[in-house]
Amino acid sequence: MPATRLSTVFISALLSGLSGPAASAPEPTVTARRLSTAPVIDGKLDDAVWQEAAIIEEFLQDDPVAGDPPSEKTVVYLGYDADTLYVGFRAFDREPDKIVARILQEDVNLAADDSFYVAIDSLVDRKNAYKFVINPLGTKRDTRIENNTTDRGEWNGIWYGDARRDSEGWTAEMAIPVKTLSIQPGSTHWGLNIFRHIRRRNEWVNWANVSQDREYTDVRHFGELEGLEGLRQGRGLDVIPAVAIRGDWNEDADDADLTLKPGGEVIYKLRPSLNASLLVNPDFSDAKVDLIQTNLTRFALLFPEQRHFFVRDADTFEFGGLREANGMPFFSRRVGLKGDTENPDTVDIDIGAKLSGRLGAYTVGLFNTQMDDFDPVVGDRNLTVARLARDVGAESRIGTILTWGDPQSTRDNGVMGADYRYRNSSLFGDKTFIADAFLMRSFTSGVDGRQGAWGVNLDFPNDRWNARVGYTELEENFNPALGFVNRPGIRNYTGALRFRRRFDEHPLVRFLD
């Protein structure tokens, strides 16, 4: 079949699947109520104060049949005081002995159990949110939704929760301190979504954002929590002191050398959406251990960042849709490590500073660290990254990035780049379309020419029709020393097309791709 005819068939088939409502249904709203006293967070939901809370009972299936009534009733209670948001949850279940609850490990994916989720867009930027999850055993998880797409499990906040099972199903309680969130002074409303997973039926029940064409990370289509008054964010100052003690024993000389190295981190909210951080002599001993990966290729693997200093506001530095992908201009694990990404050695960081967050329509990121002298040839190194992006319309943005410094050599190295993201989550009513484009060039001393990189990716990530086309080119001398490139000198073409047929009433088959 000729290419032009094939393209025509593809486009015609794609457009035929775009039929949908002219406009999405309005998202729901609830008015929070101020509680006279704080409930005891024991998961029992038996405190009389819960009778003062706002009640949500209007839930709909999101999967398997979007918009249908749930198979089980769900009731949620919402209350607050100046310092805390309180959430109570009653999950009715006519077969409580079949509730799935096995996971006891904190901060892991709880989707394999029955579970309850609360997602809060406290800055009402319609892009980012905090998500809190609990299962019937009281096991908790928290994540941060970023840029309507990424659910970053490395984020950790301070909050409290517990759950209990009983003859009617199960109950849960949460207390989420306002200080854990970032809020705008004087704001009286937040974005909110609440959803429940009934595991044995693989059924998802939502309060807002009920559409199989949108992911749960689509913050733009959250509902609203109104009536929040007199909230106290505090001074926005966090001080995390640390002391590292190192001992060396010389057996021959029968001598011990003990070294005490104080350090820590100071985090200050210059504005509710703008954080400034100062890091001194960190050892990152509290970072999670990497998951084991087996490499069967000659190309280096990418291990995600686990250190809290770098995870915080990491979305600020994301560029061109290149998250955990070959060609990233900035990959924070290059800082404080030497060697390849699979078997790195640590390098002391003397001091680091970071400015990250939002200023109105602008996303701002500025990062600088001073690495210790770990190599007699390389010596100590100063590393800098600057990122600036501006919102365009409701969901799109345009930006630029600059990096400077090579953590593993004496060469000068830098990267300059620009990117653009177009996003529309209301196309043809409730369809989503995303287009990412980027252009970069590295500058490495002693290297001339062929240091460019560019690409474009078009994504139609919907339920019935799901299509993606992309192109990336990395020239052979493209070298972002503070980024991640495991294979330069490539042209990479990608494409995927999926059609999904759903069988709503079939007892065994839910859908066919």
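What counts and what doesn't
Residues numbered from 1 in each chain as written. Predicted model: local features only at pLDDT ≥ 70, side-chain atom pairs only at ≥ 80, totals over all residues. Heavy atoms only, no water. Pairing = 2+ DSSP bridges. Helix = DSSP H or I, 4+ residues; strand = E, 2+ residues; numbered from the N terminus. Axes fitted to C-alpha atoms, helices over the stretch in contact; angles between N-to-C directions. Buried < 20%, exposed > 50% of the residue type's maximum accessible area, 1.4 Å probe, protein only. Polar contact = N/O pair within 3.5 Å; in protein donor to acceptor, adjacent residues only side chain to side chain. Patch = residues over 30% accessible without salt bridge, like charges linked within 9 Å, V, L, I, M, F, W, Y side chains within 5 Å. Areas by Shrake-Rupley, 256 points an atom, 1.4 Å probe, with all protein chains shown as cover. Salt bridge = Lys/Arg side-chain N within 4 Å of Asp/Glu carboxyl O. pLDDT = per-residue confidence, 0-100. Contact = heavy atoms within 4.5 Å.

### Points about the sheet that holds strand S21 (residues 349-359)
Strand order in this open sheet of 12 strands is S16-S17-S18-S21-S22-S23-S24-S25-S26-S27-S28-S29, and the pairing throughout is antiparallel. In this open sheet, the two strands that pair with only one neighbour each are strand S16 (237-250) and strand S29 (490-499). Within the sheet, the average angular offset between the axes of one strand and its neighbour, ignoring direction, is 5°.

### Some remarks on the environment of Asn295
Following the sequence through the fold, Asn295 ends up in the loop between strand S18 (274-280) and helix H2 (308-311). Taking the relative accessible area as the measure of exposure, Asn295 reaches 23% and is therefore partly exposed. Within the structure, Asn295 has its side chain in polar contact with the backbone nitrogen of Thr297 (distance 2.9 Å). Of the polar contacts made by the side chain of Asn295, one reaches the backbone oxygen of Phe299; its length is 2.9 Å.

### A closer look at a nonpolar patch on the surface
A contiguous nonpolar patch, built from Leu237, Val239, Val266, Tyr268, Leu270, Leu278, Val280 and Ile351 and spanning about 650 Å² of accessible area, is present on the exposed surface. Only S16, strand S17 (255-271) and S18 provide two or more residues apiece to the nonpolar patch. In terms of residue count, the dominant contributor to the nonpolar patch is S17 (three residues). The residue Val266 is located in strand S17 in this model. By relative accessible area, Val266 is classed as partly exposed at 34%.

### Quick word on the pattern of salt bridges
If charged atoms from side chains of opposite charge come close, those side chains can pair. With the rule as written, the count across this model stands at 44 salt bridges. Its salt-bridge partner being Arg94, residue Glu72 comes within 3.3 Å of it at the nearest N-O pair. Taken as a pair, Glu72 in the loop between strand S4 (60-63) and strand S5 (74-80) and Arg94 in the loop between strand S6 (84-92) and strand S7 (115-121) lie far apart in primary sequence, 22 residues in all. Judged by its relative accessible area of 62%, Arg94 falls in the exposed class. For the salt bridge of Asp348 with Lys261, the shortest nitrogen-to-oxygen distance reads 3.4 Å. One end of the pair, Asp348, is in the loop between strand S20 (345-346) and S21; the other, Lys261, is in strand S17, with 87 residues separating them in the sequence. Overall, the relative accessible area of 27% leaves Asp348 in the partly exposed class.

### Comments concerning the confidence of the model for the protein chain
With 93% of its residues at a pLDDT of 70 or more, the protein chain has an overall mean of 88. For residues 1-23, every residue scores under 50 in pLDDT, and the model assigns this stretch 20 contacts once sequence neighbours within four places are set aside.

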